[in-house]
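Notes for the structure review
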Amino acid sequence: MTHGFDLVEGVAAGLEDRAAAWWFVQDFAEHWVAPLAEGDGWAEADLAAAEERLGHRLPAALREAYGRFGRRTDLTANRDPLLGPAELHLDAEGDVLVFRHATEGAAAWGVPLDELHRPDPAVVLGADGSRRPWLDRLSVALVELVLSESLHAPDAPADLLEPLDVATLLALEDGYVQLPFPDYPVFAAPAGSRWFAGDDVLLRADDGGALRARARTPEALAGLRKNLPGSWLKADGA
């Protein structure tokens, strides 16, 4: 794996508790994007202002994430962004604190108000007026957010394979390690997503028939395409 950073081990450790989650984000940023630095997090004054406006105390997990890397849009806002403190809001029913929006469609991730007292509360996903459970801990949802957003980083070595046929899926399962990530809820889009990793590559396979890939280097992406041949979207130009 990447210069002492093992993505599989890192995710496994990062899912243990919220402190470990932030260590994972720090290591991932250092090895795959750019190291975290002073000023990458929101100031206490920004968080306090959001709490005063909302009339609710933010959960510890959200405060900690904002304070460490909340301003790093390259980690958190390439497609379906983590909202800034000033953008946090309640949903239309007034009983969920929304912290992330889908760029396409009406989906939004949030924390039910009756969960706000928990340091690391459960997250729900809402779309078209309905809400369903997403992940049991906010820190896990934020690790998932960072991984998901990395797939859409502009100018990064990334690609999309579609359709993902049975033979390629079997080769993926045989040649790459599945990350120990909780199963997505069955209703979720992309439904049935599974995460995999190899040497300097991160992949998400969707039961809808697509494989998204992010590599640390162009060479690693080229190697992935050789290992998993198919209709890669950017194969001719990336």
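Preceding this paragraph is the structure being described.
Now for a look at the structure at hand. Given the structure is predicted, the values throughout are model-derived calculations rather than measurements.

From N to C terminus, the chain includes eight helices and ten strands. Expected size for 238 residues packed as a compact globule is a radius of gyration near 18 Å; at 18 Å, the chain falls within 12% of this value. In terms of principal-axis extent, the alpha carbons of the chain reach across some 55 × 40 × 30 Å. Expressed as a percentage of its 238 residues, the buried residues of the chain come to 50%. In the chain, the proportion of contacts linking residues at least 24 apart, taken out of those at least 6 apart, comes to 55%. Roughly 11100 Å² of accessible area belongs to the chain as shown, and the carbon and sulfur atoms make up 51% of that amount. The chain carries 21 positive and 40 negative side-chain charges, and their two centres are separated by 2 Å.

One pair of aromatic rings is described through two measures. These are the centre distance and the angle between the planes. Following the criterion strictly, the structure yields five aromatic pairs and no others. Ring centres of Trp109 and Trp134 lie 6.2 Å apart, and the angle between their planes is 75 degrees; on these two criteria the pair is classed as edge-to-face. In this pair, Trp109 sits in strand β3 (residues 108-112) while Trp134 sits in strand β5 (residues 130-135), placing the two residues 25 residues apart along the sequence. Both residues of the pair, Trp109 and Trp134, belong to the buried class. Above the ring of Trp42, the side-chain terminus of Arg71 is found at 4.6 Å from the ring centroid. Positioned above the aromatic ring of Trp109, the side-chain terminus of Arg100 is 4.2 Å from the ring centre.

Turning our attention to unusual backbone geometry. The omega torsion across Glu162 and Pro163 is 5 degrees, close enough to zero to call that bond cis. Structurally, Pro163 can be placed in the loop between β6 (158-161) and α7 (166-175). Residues other than glycine seldom take positive phi values, yet Asp155 does so here, at roughly 70 degrees. Mapping Asp155 onto the fold places it in the loop between α6 (138-150) and β6. Phi angles above zero are rare outside glycine, and Asp200 is one such case at about 65 degrees.

Here we come to helix α1 (residues 7-14). Listing the buried residues of α1 in full gives Leu7, Val8, Gly10, Val11 and Gly14. Along the axis of α1, the buried residues cluster in a sector spanning 165 degrees; they form a single face. Against α2 (18-32), α6, β7 (177-178), β8 (194-198) and β9 (201-206) lie the buried residues of α1. Its side-chain oxygen placed 2.9 Å from the backbone nitrogen of Val8, Asp6 serves as the N-cap of α1.

What counts and how
Residues numbered from 1 in each chain as written. Predicted model: local features only at pLDDT ≥ 70, side-chain atom pairs only at ≥ 80, totals over all residues. Heavy atoms only, no water. Helix = DSSP H or I, 4+ residues; strand = E, 2+ residues; numbered from the N terminus. Rg over C-alpha atoms; globule rule 2.2 N^0.38 Å. Buried < 20%, exposed > 50% of the residue type's maximum accessible area, 1.4 Å probe, protein only. Contact = heavy atoms within 4.5 Å. Areas by Shrake-Rupley, 256 points an atom, 1.4 Å probe, with all protein chains shown as cover. Lys, Arg positive; Asp, Glu negative; His and termini not counted. Charge placed at Lys NZ, Arg CZ, Asp CG, Glu CD. Phe/Tyr/Trp six-rings, centres within 6.5 Å; stacked < 30°, edge-to-face > 60°. Lys NZ or Arg CZ within 6 Å of the ring centre and 35° of its normal. Arc of directions from axis to C-beta. Polar contact = N/O pair within 3.5 Å; in protein donor to acceptor, adjacent residues only side chain to side chain.

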